[in-house]
Amino acid sequence: SSDVCSSDLTFQASLRALANSTNSLAELVGGLNRQACAHSQNGRFTTAFVAELNPTSGDLTFLCAGHNPPILRRADGTIERLKSDNIPLGIELTEKYATGYTRLDPQDLLIIYTDGVTEARDEDRFTFGDARLVSIAENTGSERAAMTLSNIMRSLDNFVGAAAQHDDITCMVLRRT
């Protein structure tokens, strides 16, 4: 709907403006939350995963605000979830958002996705689910991130078949080389 589109554009504009004027991820998200609260209508809120990666060291500072925690597949096959216990943006004006930290080592794989991926339904109304996505991550080799993304989308397409979807399906895959 145009309301959702307008909300997304406002959020993106706020992100661009604040990214150039804040020093830390927590400050950035605090500013996004204030903007979201100011523009919130009818109890609407925004979930978000925001991260800052140092490509040289692999240091990753992140903040998960009510969003699905991304899947981190380590080079040794270990699966971790990037969680931080924060509420979505646009609910509480004075909320203090906490960041998390990890390091992406060479060949680690990060899968960031919206709930439209795991909540996608097939023609019998079964959901794709978290376990299927984790299984794909577990069985991923050392291929490029684009190939992993392609495998996820192909598996999702095969699962849903001709069933109409009612949420955005967004996925981003990052592999540190």
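A quick note: this is a predicted structure, and the numbers were derived from the prediction, not measured. Along each chain, residue indices are assigned from 1 in the same order as the chain's sequence is written. At least 70 in pLDDT is required for a residue's local features to be given in this predicted model, at least 80 for side-chain atom pairs to be given and counted, and no such filter applies to totals for whole chains, interfaces and linings, which use all residues. The basis for every side-chain value is the complete set of heavy atoms in the structure, and neither hydrogens nor water enter the calculation.

Glancing now at helix 4 (residues 129–138). Only protein chains enter the calculation, and the probe is 1.4 Å; a residue is then buried if its accessible area is under 20% of its type maximum, exposed if over 50%, and partly exposed in between. Helix and strand assignments come from DSSP, with helices taken as H or I runs of at least 4 residues and strands as E runs of at least 2, each series counted from the N terminus. All of the buried residues along helix 4 are Gly129, Leu133, Val134, Ile136 and Ala137. Only heavy atoms enter the contact rule, under which two residues are in contact if any of them lie within 4.5 Å. Where the residues of helix 4 are buried, they touch strand 3 (71–73), strand 4 (79–81), strand 6 (109–113), helix 3 (115–118) and helix 5 (145–160).

All right, on to the pairing of strand 1 (residues 48–53) then. Remember that side chains alternate between the two faces of the sheet whenever the strand is regular. Between any two strands, at least two bridges found by DSSP are needed for them to pair. Pairing of strand 1 with strand 2 (residues 59–65) involves 6 bridges; the strand directions are antiparallel. Considered in strand 2, the bridge of Ala51 is made with Phe62. Connecting the antiparallel pair strand 1 and strand 2 is a turn made up of 5 residues, with Gly58 showing a positive phi of about 85 degrees.

Right, let's talk about the sheet that holds strand 4 for a bit. The strand order across the open sheet formed by 4 strands is 4-3-6-7, and the pairing between neighbours is antiparallel. Each end of this open sheet is capped by a strand with a single partner; those strands are strand 4 and strand 7 (171–175). Neighbour-to-neighbour, the strand axes of this sheet turn through a mean angle of 20 degrees, independent of strand direction. Axes here mean lines fitted to C-alpha atoms, for a helix over just the part in contact, with angles spanning 0 to 180 degrees between N-to-C directions. Along the sheet face, helix 5 touches strand 6 and strand 7 and points at about 150 degrees away from the line of strand 7.

What follows concerns unusual backbone geometry. Its identity is not glycine, yet Gln107 carries a phi of approximately 75 degrees, on the positive side. Residue class for Gln107 comes out partly exposed when judged on its relative accessible area of 30%. A positive phi angle, near 75 degrees, is found at Arg125, a position not held by glycine. Locating Arg125 in the fold gives a position in the loop between helix 3 and helix 4. Residue Arg125 is classed as exposed on the basis of its relative accessible area of 52%.

The next subject is a nonpolar patch on the surface. Taken together, the side chains of Phe45, Ile87 and Ile91 make up a nonpolar region of the molecular surface, amounting to roughly 270 Å² of accessible area. With respect to the secondary-structure elements, Ile91 resides in the loop between strand 4 and strand 5 (100–103). Here Ile91 falls in the partly exposed class, since its relative accessible area comes to 48%. Like charges are joined within 9 Å and nonpolar side chains (Val, Leu, Ile, Met, Phe, Trp, Tyr) within 5 Å, but only among residues with over 30% relative accessible area and no salt bridge; these make up the patches. Residue burial considers only the protein chains on display, and all accessible areas are found by Shrake-Rupley using a 1.4 Å probe. One speaks of a salt bridge when a side-chain nitrogen belonging to Lys or Arg is within 4 Å of a carboxyl oxygen belonging to Asp or Glu.

Counting all residues, the mean pLDDT for the chain is 88, and 88% of those residues have values of 70 or more. Within a predicted model, pLDDT stands for the predictor's per-residue confidence, ranging from 0 to 100. Low pLDDT, under 50, characterises residues 1–6; the stretch is placed with 3 contacts to residues that sit more than four places away or in other chains.

For Arg73, the location among the structural elements is in strand 3. Counting rule for charge: Lys and Arg are taken as positive, Asp and Glu as negative, and neither His nor the chain ends is counted. Asp76 provides the closest opposite charge to the buried, unpaired Arg73, separated from it by 6.8 Å. From its side chain, Arg73 meets the backbone oxygen of Thr140 in a polar contact 3.1 Å long. Excluding residues within four positions of it along the chain, Arg73 makes contact with Thr78, Ile79, Gln107, Asp108, Leu109, Ala137, Glu138 and Thr140. Polar contacts here mean pairs of N or O atoms no more than 3.5 Å apart (in protein, one a potential hydrogen donor and the other a potential acceptor; neighbouring residues in sequence count only if both atoms are side-chain atoms).

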